[in-house]
Amino acid sequence: MTAPDYFEQLYADSADPWQLAERHYEQRKYDLTLAALPRLRYARAFEPGCSIGVLTRQLATRCDELVATDPVESPLARARATVGADHVTFARGRVPDDWPDGPFDLIVLSELLYYLSAAERLEVRAAAVESLAPDGHLVLVHWRHPFEVATCTGDVAHAEMRVGDDLVAVVEHVETDFRLEVLAHA
Ligand SMILES: C[S@@+](CC[C@H](N)C(=O)[O-])C[C@H]1O[C@@H](n2cnc3c(N)ncnc32)[C@H](O)[C@@H]1O
């Protein structure tokens, strides 16, 4: 897995290391992610690795309740300040160890899985399947190319989540740079 210190240092050097709040690439990807959600409303959602809450703020418009977590405090503080909605709860935590009690009818793993070890990704898959409501949707969005601290590509991470016959894809969107999938219980 990518060392926890790596993210602490990134946020010490920059409030928004990936320019999530500024880049057209990110906003377009968020727009596609929201558009891919099969239902208009979700009762209770979980978004681990929420960073400064740019996607969180947009997901919040579609959810009655949203739990968003990140292991680093500084982006969480910014997320709390900018999202500022009573139905969104921010907490410090890293998956798979800090997985809140379900059920969730929406789980969003966006630009996260390749920072985990292969064993952790398996644990995340198990936790997601376990806590996903019977009619729930599991959203995966990841950059497709290798990069220095990534333990795998987004394509590999998505393929791992689709191993087995317990989850099926209801949305698949593949571009040169990222892959977006929505999975549901088979
Ligand atoms: C590239 S950012 C993605 C932000 C957001 N999900 C998005 O798509 O806009 C990755 C975030 O994951 C967090 N992170 C890293 N390892 C994590 C883990 N094991 N569990 C939860 N979050 C983690 C980092 O602190 C960072 O804020």
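Look up a bit, the structure's there.
Residues numbered from 1 in each chain as written. Predicted model: local features only at pLDDT ≥ 70, side-chain atom pairs only at ≥ 80, totals over all residues. Heavy atoms only, no water.

Participant: So what exactly am I meant to see when it comes to the side chain of Glu181 here?
Facilitator: With respect to the helices, strands and loops of the structure, Glu181 is situated in strand 7 (residues 178-185). A distance of 2.8 Å separates the side chain of Glu181 from the side chain of His158, its partner in a polar contact. Residues in contact with Glu181, not counting those within four places in the same chain, are Leu138, Val139, Leu140, His158, Arg162, Val171 and Glu172. (Helix = DSSP H or I, 4+ residues; strand = E, 2+ residues; numbered from the N terminus. Polar contact = N/O pair within 3.5 Å; in protein donor to acceptor, adjacent residues only side chain to side chain. Contact = heavy atoms within 4.5 Å.)

Participant: Sorry, what's going on with the site of the ligand here?
Facilitator: Looking at the ligand, there are 18 residues lining it, with Tyr11, Tyr30, Gly49, Asp70 and Ser110 nearest. Contact distances for the ligand include 2.5 Å between an oxygen atom and a side-chain N or O atom of Tyr30. Between Val95 and the ligand, the recorded distance is 2.9 Å, taken from a backbone N or O atom to a nitrogen atom. In isolation the ligand exposes 600 Å². Once the protein is present, 98% of that is buried. (Near = heavy atom within 4 Å. Areas by Shrake-Rupley, 256 points an atom, 1.4 Å probe, with all protein chains shown as cover.)

Participant: Sorry, what's going on with the sheet that holds strand 6 (residues 167-174) here?
Facilitator: In space, the seven strands of this open sheet follow the order 3-2-1-4-5-7-6, with mixed pairing throughout. Both outer strands of the open sheet, strand 3 (88-92) and strand 6, are each paired with one neighbouring strand and no more. When the angles between neighbouring strand axes are averaged without regard to direction, this sheet yields 15 degrees. Both strand 4 (residues 104-110) and strand 5 (residues 132-143) contribute to a ladder of six bridges, which runs parallel. Counted as the bridge partner of Leu106 is His137 from strand 5. Strands in contact with helix 4 (residues 73-83) are strand 2 (63-70) and strand 3; relative to strand 3, the strand with the most contacts, it is inclined by about 170 degrees. Packed onto the sheet, helix 5 (residues 118-131) meets strand 4, strand 5, strand 6 and strand 7 and runs at close to 145 degrees relative to strand 5. (Pairing = 2+ DSSP bridges. Axes fitted to C-alpha atoms, helices over the stretch in contact; angles between N-to-C directions.)

Participant: How should I be thinking about the pairing of strand 1 (residues 42-48) in this particular structure?
Facilitator: For a regular strand, side chains alternate in direction, first toward one face of the sheet and then toward the other. Counting buried residues along strand 1, five of its seven residues qualify, which places the element largely inside the surrounding structure. In this structure, strand 1 lies alongside strand 2, joined through six bridges in parallel fashion. Looking at the pairing, Phe46 lines up with Val67 of strand 2. Following the chain from strand 1 across helix 3 (residues 54-59) to the adjacent parallel strand 2, one finds a crossover that is right-handed. With two bridges connecting them, strand 1 and strand 4 associate as parallel partners. Its bridge partner being in strand 4, Ala45 is matched across the sheet by Leu106. (Buried < 20%, exposed > 50% of the residue type's maximum accessible area, 1.4 Å probe, protein only. Right-handed = clockwise from strand over helix to strand, strands pointing away.)

Participant: Quick question: what am I supposed to make of unusual backbone geometry here?
Facilitator: Among all residues save glycine, negative phi is the norm, and among peptide bonds the norm is trans. Cis geometry marks the peptide bond from Val95 to Pro96, where omega comes out at 10 degrees. Here Pro96 lies in the loop between strand 3 and strand 4. Cis peptide bonds are those with omega within 30 degrees of zero, and the linkage from Gly102 to Pro103 qualifies with 0 degrees. Counting through the fold element by element, Pro103 comes out in the loop between strand 3 and strand 4. Despite not being glycine, Gln19 has its phi angle at roughly 55 degrees, a positive value. Structurally, Gln19 can be placed in the loop between helix 1 (4-13) and helix 2 (24-36). Even without being glycine, Glu111 reaches a positive phi, approximately 55 degrees. Its location among the elements puts Glu111 in the loop between strand 4 and helix 5. What makes Glu111 partly exposed here is its relative accessible area of 22%.

Don't take any of this as a statement about function, it's just geometry.
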